[in-house]
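Below, each chain spelled out in residue letters.
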Amino acid sequence: MPKKKTGARKKAENRREREKQLRASRSTVDLAKHPCNASMECDKCQRRQKNRAFCYFCNAVQKLPICAQCGKTKCMMKSSDCVIKHAGVYSTGLAMVGAICDFCEAWVCHGRKCLSTHACTCPLTDAECVECERGVWDHGGRIFSCSFCHNFLCEDDQFEHQASCQVLEAETFKCVSCNRLGQHSCLRCKACFCDEHTRSKVFKQEKGKQPPCPKCGHETQETKDLSMSTRSLKFGRQAGTEEGDGASGYDAYWKNLSSDKYGDAGGREEEEEEYEAEDDEEEEDEGGKDSDAESSDLFTNLNLGRTYASGYAHFEEQEN
């Protein structure tokens, strides 16, 4: 029989497990909570944007820069990690910064650890939106990661992409390589695979994780745990039904679509057009009457003197 664990041994094992989880959580920081992707408001133009060394809109330098690695705005000099020594003085502003990251376009403080590790571990190294193909330097918004395919997304396309991400590029849930039901789905390739075809010689499966995709190596997920949907074709030869004269294909599809769309609303539209025409005629009649009355009122007291119409034409010719 195994030896019974003592209380001190249980506490030591629990402590080691907690420390292991803390180290793992430090290495995998959520992209939205990372200091280099934090939200910043410009001091000059008051526009909210991603943490940057210079404002994306007005190119103004910020008064309190944020370190892209540790997230601090003031160096307290509690350790001897600073490259530039400032004993007994707290450094803020440009006196705290040491470099600008080429990937995330944010300040890095003058700490030796931040300067030596941030460029290698910057989460925005290859941050290019999968929808619009814009990088960090091409737009002023923050960068996010898709919850399903884990691709980079800009602030403009994140909701639209995630709403249509769980759609397969196939009409069935069958495996790509065979005719069996696909139990594992890759949300990057948008394809399903069975248990046999998820085994790959190139990408090895890690212990305790889902098998990788045999195409791209991304970790697959079980199809039953996702709300996956298949691609549906709403146009084409297959959508058109044959008519009495044998017509089918695109022509029949567009005829059916137009009849379904405008068949029910045709009578209502005609009635509305008739009512609108009658209203327009009544308004024109009333407008004509009002305009005649106003013109007659304007010219009642008008005196043009001796004119041909007033009967003085013959008198003027005799005088000449």
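Note that the coordinates shown come from a computational prediction; the quantities given were computed from them, not determined experimentally. (Residues numbered from 1 in each chain as written. Predicted model: local features only at pLDDT ≥ 70, side-chain atom pairs only at ≥ 80, totals over all residues. Heavy atoms only, no water.)

Draft legend 1. Region of the structure containing the pairing of strand E5 (residues 97-100). Judged from the 3 bridges that link them, E5 and strand E6 (residues 107-109) form a sheet pairing that is antiparallel. From the neighbouring strand, Ile-100 faces E6, where its bridge partner is Trp-107. Counting the residues between successive antiparallel strands, the hairpin from E5 to E6 contains 6 residues, one of them, Glu-105, with a positive phi of roughly 60°. (Pairing = 2+ DSSP bridges. Helix = DSSP H or I, 4+ residues; strand = E, 2+ residues; numbered from the N terminus.)

Draft legend 2. Spatial organisation of the sheet that holds strand E9 (residues 184-186). Across the sheet, which stays open at both edges, the 3 strands sit in the order E10-E9-E11 with antiparallel pairing between neighbours. The open sheet has two free edges, formed respectively by strand E10 (191-193) and strand E11 (221-222), since each of these has just one partner strand. For E9 and E11, the ladder comprises 2 bridges, and the chain directions are antiparallel. Residue pairing in the sheet places His-184 in a bridge with Glu-222 of E11.

Draft legend 3. Representation of the environment of Trp-137 in the model. Looking at where Trp-137 falls in the secondary structure, it is placed in the loop between helix H2 (112-121) and strand E7 (143-145). Along the sequence, Trp-137 and Asp-102 sit 35 residues apart, while their C-alpha atoms lie 9.5 Å from each other. A distance of 3.0 Å separates the side chain of Trp-137 from the backbone oxygen of Asp-102, its partner in a polar contact. (Polar contact = N/O pair within 3.5 Å; in protein donor to acceptor, adjacent residues only side chain to side chain.)

Draft legend 4. Expanded view of the confidence of the model for the chain. Per-residue pLDDT for the chain has a mean of 76; in total, 70% of the residues score no lower than 70. The least confident element of the chain is helix H5 (residues 313-319), whose mean pLDDT is 50; the most confident is E6, at 91. (pLDDT = per-residue confidence, 0-100.)

Draft legend 5. Spatial organisation of a negative patch on the surface. Residues Glu-273, Glu-274, Glu-276, Glu-278, Asp-279, Asp-280, Glu-281 and Glu-282 make up a contiguous surface patch of negative charge. Summarising the element assignment, Glu-281 is placed in helix H4 (residues 250-298). (Patch = residues over 30% accessible without salt bridge, like charges linked within 9 Å, V, L, I, M, F, W, Y side chains within 5 Å. Areas by Shrake-Rupley, 256 points an atom, 1.4 Å probe, with all protein chains shown as cover. Salt bridge = Lys/Arg side-chain N within 4 Å of Asp/Glu carboxyl O. Lys, Arg positive; Asp, Glu negative; His and termini not counted. Charge placed at Lys NZ, Arg CZ, Asp CG, Glu CD.)

Draft legend 6. A look at the environment of Lys-72. Along the chain, Lys-72 turns up in the loop between strand E2 (48-50) and strand E3 (74-75). Measuring from C-alpha to C-alpha, the distance between Lys-72 and Cys-109 comes to 8.1 Å, with 37 residues separating the pair along the chain. What Lys-72 contacts, discounting residues up to four positions off in sequence, is Pro-65, Ile-66, Cys-67, Met-96 and Cys-109. (Contact = heavy atoms within 4.5 Å.)

Draft legend 7. Examining a nonpolar patch on the surface more closely. Together, Phe-54, Val-61, Leu-94 and Ile-100 give the surface a local cluster of nonpolar side chains, amounting to about 320 Å² of exposed area. Mapped onto the secondary structure, Ile-100 falls in strand E5. For Ile-100, a relative accessible area of 34% gives the class partly exposed. (Buried < 20%, exposed > 50% of the residue type's maximum accessible area, 1.4 Å probe, protein only.)

Draft legend 8. Just the side chain of Ser-91, in detail. As for its position among the elements, Ser-91 is in strand E4 (residues 91-92). Classification of Ser-91 as buried rests on a relative accessible area of 6%. Leaving out residues up to four positions away in the same chain, Ser-91 has contacts with Lys-74, Cys-75, His-86, Met-96 and His-110.

Draft legend 9. Region of interest: the pattern of salt bridges. Tallied over the full model, the rule gives 5 salt bridges. Among the ionic pairs, Arg-9 bridges to Glu-13, the shortest N-O distance being 3.7 Å. Of this pair, Arg-9 and Glu-13 both sit in helix H1 (residues 7-27), separated by 4 residues, roughly a single helical turn. Note that Asp-156 is salt-bridged to Arg-134, the shortest N-O span being 2.9 Å. Taken together, the residues Asp-156 in the loop between strand E8 (152-154) and helix H3 (158-163) and Arg-134 in the loop between H2 and E7 connect sequence positions 22 residues apart.

Draft legend 10. Here's a closer look at the state of the cysteines. Within this structure, the stated rule accounts for 0 disulfides. Free cysteine: Cys-122, not disulfide-bonded; nearest cysteine sulfur from Cys-101 at 3.9 Å. On the basis of relative accessible area, Cys-122 is assigned to the buried category, the value being 5%. (Disulfide = S-S within 2.5 Å.)

Draft legend 11. Representation of the nonpolar core in the model. Counting 21 residues, the largest nonpolar core has Ala-68, Cys-104, Val-108, Leu-124 and Ile-143 as its most contacted members. Looking at this core element by element, the count peaks at 3 residues for E6. Counting residues in each nonpolar core, the second largest holds 11 residues, with Cys-149, Cys-154, Leu-168 and Leu-226 among its members. (Core = buried A, V, L, I, M, F, W, Y, C linked by side-chain atoms within 4.5 Å.)

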